[in-house]
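Coordinate inspection notes
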Amino acid sequence: MNGFMGKILLVNLSEKKSEILTRDEAYYKKYLGGSFLAARLFEEQTKNQTNLTPFSAQNSIIFATGPLAGGGVCGATRVNVLSLSAETPGIFTSQAGGEFGPCMKRAGFDALVITGKADNPTWLNIDNEIVSFQDAAKWWGKDRVTTYQQISKKVDKKHSIATIGPAGENQVTTANIMFEPEHYAGRGGLGAVLGAKKVKAICIGGNQKPVFKNPDQVKEVNRIGAQRFRQAFESNPTGFLGVLRQYGTFGLLALNQNAGNIPVKNFNQSYIEDQNARQEIAHSNINEKFVGKSTPCKGCYVACKKQLKANSEYTALAEYESMALLGPNLGITSLSEGLKLCELCNRMGMDTITVGNQIAFLMDCYENGALQEDRFNFSIRFGESQKAYALIEAMAKREGELADIMARGVEVAWRKLGKQTRPYLRFFQGMGTPAHLPKTKPGIGFGYHHGPNPGDHMKLEHDWIAASTDSLKEFGLDIRSGPFDLDKNKVEIARMTQIYYSAMDALSVCMFIYGPGNILTFGEIVSLINGATGFDYDFNELMKLGESAVQLQKKLFIDFGGTDEAFLPYLEEETPAGPTNGLKINRADFEAARKHYYRLWNWDERGRPNEKILRELGV
């Protein structure tokens, strides 16, 4: 079989057993890999289960990669992780870079399914088809970086290691999974799912290699991509791709500040007014003081992953999302202070996006009198970085009443804290808002409200594309929408790019390379897939696969308790200052957009696909 190993590894922790499931070429042509394969495997594993919760022993967690992984293709090293979410109702799919996906292929598998629950803290050691269940008691309670460093001394350096931190062990809803020292499946609380299963780490690798049908065709497309990126960088080093190459996503702080698209003080502002802070995020300053050497995913010519220059002991230079939400969104103007908070989350194993939203929520509540200091003998206000640091650590360990409340998720929190706190929420079904503002990017904001991945900025293209005639023509669209509009055209464009992103997630590839208009053309992407697999896809068939993947994932999301978020009232308040002053989203526009969106998808009033469309798509 070309591009695939044809095998799925199923590990049952309760029985300390593993088995290998085989799948034929027709199965892979239908489900491909990545998020689509993960959703199909989850459906297969849970179809006879009832009353599942994220922490049930019977809940499965799936790791799946794509057909290009392990073959030296730029941007194709990613792994998708899917399970019932601890952070939001329903299923959630998170994604990470690094070598876990390729190492899973080298072990001989396209996906890893983990079910059951270990009796004691365990780490899995997977070497080709040999699975061993190792005692992890001595690492239980340790931060995830320490755990990674110690396990890496015991295994082959060619293996990849996934770890959780204390937050996952304590089933904190924001707990994430980390791969190697610096890659994160950050969202959805999937680290808490592993923690409930008593899994501290997973090590995987082997000596097998995927075989491509036409390796020369794959190499040629990869070569064209590298050449095109180099030319783009040389001609426009200050453009989006140039910023990624030079500064990583950390460099997007300045770009989003200039665009009025940076969260400040719990999303109440979209622009940093402090002159010193604006100077600190300037590219010249971060290049001098913060951006260290590149540590790219293997074979990547963009090389956006960076180390921190000032402190090599940090896991990595923070990503834009992390830095924005644990910096300006908390009223913290010092990059060094924000980086400390990001690093603490990384070591505790927590989602920086939702944690940043949680602390900003509390800060806003205390600032506006919705919470009083005497209730917990505690208060925290914008700019208080030391209190934020202590609170993050307490949340990870569930120490203290307030920290324990927040560790259980924001939906529990506002009910415990009182309905007077609810206006200060910036969450979508429990998921904190990413650092791309819904009012500045209403198409993205509309996407945040909807499953199967609520509050996710990587499931459809950002609003710029709605005004790009050339890009829309590639999708067969002859419509346009203004960058700040939320109309029927914007919804149709967003849905089309959602389908495209779904197809790319099935490939398990990086959107910095495979996003529309970035580096590769749609024809080149199709050529790459067909060269690897021997399939005969055209672009329309690839889009149909993406559509089917969304339908299956939305069905699972709804059937396992997920719901689409109601319109958030704060979105009707005008942005107060900066380049996007006056922007808001009208409730009537949103409600009309949702009706049109459901109609386009053939979903019922709950947002669930109807059985007819599921049968037509074969899912």
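Treat the numbers as computed from the prediction; the structure is a model and nothing was measured. (Residues numbered from 1 in each chain as written. Predicted model: local features only at pLDDT ≥ 70, side-chain atom pairs only at ≥ 80, totals over all residues. Heavy atoms only, no water.)

This part covers the overall build of the chain. For the chain, the helix and strand inventory stands at 26 helices and 16 strands. Since a compact globule built from 619 residues should have a radius of gyration of about 25 Å, the 23 Å found for the chain is in line with a globular shape. Taken over the C-alpha atoms alone, the chain extends approximately 60 × 60 × 50 Å along its principal axes. Per-residue burial for the chain yields a buried fraction of 64% across its 619 residues. Contacts in the chain between residues at least 24 apart in sequence constitute 68% of all its contacts with a sequence separation of at least 6. Of the roughly 22400 Å² of accessible surface on the chain, a fraction of 45% belongs to carbon and sulfur atoms. (Helix = DSSP H or I, 4+ residues; strand = E, 2+ residues; numbered from the N terminus. Rg over C-alpha atoms; globule rule 2.2 N^0.38 Å. Buried < 20%, exposed > 50% of the residue type's maximum accessible area, 1.4 Å probe, protein only. Contact = heavy atoms within 4.5 Å. Areas by Shrake-Rupley, 256 points an atom, 1.4 Å probe, with all protein chains shown as cover.)

Following both chains from N to C, one finds helix α21 (residues 488-507) and helix α25 (residues 587-601) inclined at 45°, their axes separated by 9 Å at the closest point. Taken together, the axes of α21 and α25 lie oblique to each other. Both α21 and α25 take part in a crossing whose hand is right-handed. Between α21, through Lys488, Val491, Glu492, Arg495, Gln498 and Ile499, and α25, the contact on the second element is made entirely by Ala593, His596, Tyr597, Leu600 and Trp601. Residue classes in the contact of α21 with α25 are distributed as six nonpolar, two polar and three charged. (Axes fitted to C-alpha atoms, helices over the stretch in contact; angles between N-to-C directions. Parallel < 35°, antiparallel > 145°, perpendicular 65-115°, else oblique. Left-handed = near helix turned anticlockwise from the far one by under 90°. Nonpolar A, V, L, I, M, F, W, Y, C, P; charged D, E, K, R; others polar.)

Before going further, it helps to spend a moment on the nonpolar core. Side chains of a nonpolar character, in soluble globular proteins, are inclined to be buried together. Core analysis: the largest hydrophobic core is formed by 169 residues, its most contacted members being Met350, Phe361, Met504 and Tyr514. By residue number, the principal contributor to this core is α21, which donates eleven residues. Beyond its immediate stretch of four places on either side in the chain, Met350 contacts Ala167, Val172, Thr174, Ala175, Asn176, Met178, Cys345, Val355, Ile392, Met395 and Ala396. Ranked by size, the runner-up nonpolar core spans 30 residues in total, among them Leu9, Leu112, Ile114 and Ile126. (Core = buried A, V, L, I, M, F, W, Y, C linked by side-chain atoms within 4.5 Å.)

This paragraph deals with helix α2 (residues 34-46). With 13 residues, α2 should cover 18 Å at 1.5 Å per step; its first-to-last C-alpha distance of 18 Å lies within 8% of that length. Here α2 lies mainly inside the structure; eleven of its 13 residues are buried. Regarding α2, the residues found buried are Gly34, Ser35, Phe36, Leu37, Ala38, Ala39, Leu41, Phe42, Glu43, Glu44 and Thr46. (Expected span 1.5 Å × (residues − 1).)

Taken in spatial order, the six strands of this open sheet run β2-β1-β6-β3-β4-β5, and their pairing is mixed. Edge positions in the sheet fall to β2 (17-22) and β5 (91-96), since each has one partner strand and no second. The sheet shows a mean angle of 20° between the axes of neighbouring strands, taken without regard to direction. (Pairing = 2+ DSSP bridges.)

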